[in-house]
Amino acid sequence: MYISYINPSFFIVCRREEELITAKKNRFKILSRANTIYRKCECCDRVRDLYFKMCVYDAEHGKFLVGTIDLCKNCGENFGDLLRISVSSDGTESDFKFES
C-alpha cells in the first residue's frame, strides 16, 4: 500500500503505483498563468513572480475543487516532475512594455 503526502492534511491511499499516478493526475492540475503575479509563493514562501496555479480536487471523486496553490516557476516545475504532469511556462507573459 502506497501513501503519497502532498500536504499534511491531504493524502491519497492507493494499492498499486499505477493507481497512485492516475489519482495524482486526476486530483491535481497545474495551470500556467497568462500573466505573472509578483506575490509570495505558497510553496517556498519566497516573494517571486508566480507562473502557475495548482488546483486541488477532492480525493473521493476528483470533481470538486478543494483549493488552489499559487506557485513560482521553480516550485511549479518541481511539482510537475513530482506528479508526472507536463508543465510549461512558454505562454506566460512576464515583461510588460507600454508603447506610446
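Residues numbered from 1 in each chain as written. Predicted model: local features only at pLDDT ≥ 70, side-chain atom pairs only at ≥ 80, totals over all residues. Heavy atoms only, no water.

On to the overall build of the protein chain, then. Per the secondary structure count, the protein chain includes two helices and five strands. Counting across all 100 residues of the protein chain, residues that qualify as buried make up 33%. Of the roughly 7200 Å² of accessible surface on the protein chain, 47% is carried by carbon and sulfur atoms. (Helix = DSSP H or I, 4+ residues; strand = E, 2+ residues; numbered from the N terminus. Buried < 20%, exposed > 50% of the residue type's maximum accessible area, 1.4 Å probe, protein only. Areas by Shrake-Rupley, 256 points an atom, 1.4 Å probe, with all protein chains shown as cover.)

To continue, consider the sheet that holds strand 3 (residues 28–40). Reading across from one edge, 3-4-5 is the order of the three strands in this open sheet, with antiparallel pairing throughout. Looking at strand neighbours, the two that pair on one side only are strand 3 and strand 5 (65–72), the edges of this open sheet. Strand-to-strand, the axes of this sheet are offset by a mean angle of 25 degrees, without reference to chain direction. (Pairing = 2+ DSSP bridges. Axes fitted to C-alpha atoms, helices over the stretch in contact; angles between N-to-C directions.)

According to the stated counting rule, one finds zero aromatic pairs in the structure shown. The side chain of lysine 73 reaches across the aromatic face of tyrosine 51, ending 5.5 Å from its centre. (Phe/Tyr/Trp six-rings, centres within 6.5 Å; stacked < 30°, edge-to-face > 60°. Lys NZ or Arg CZ within 6 Å of the ring centre and 35° of its normal.)

Once that is clear, we can look at the confidence of the model for the protein chain. Mean pLDDT over the protein chain works out to 77, with 65% of the residues at or above the 70 mark. Note on residues 1–5: pLDDT is under 50 here. Beyond four places in sequence and across chains, it has 20 contacts. Scored below 50 in pLDDT, residues 7–15 makes 25 contacts in the model with residues more than four places away or belonging to other chains. (pLDDT = per-residue confidence, 0-100. Contact = heavy atoms within 4.5 Å.)

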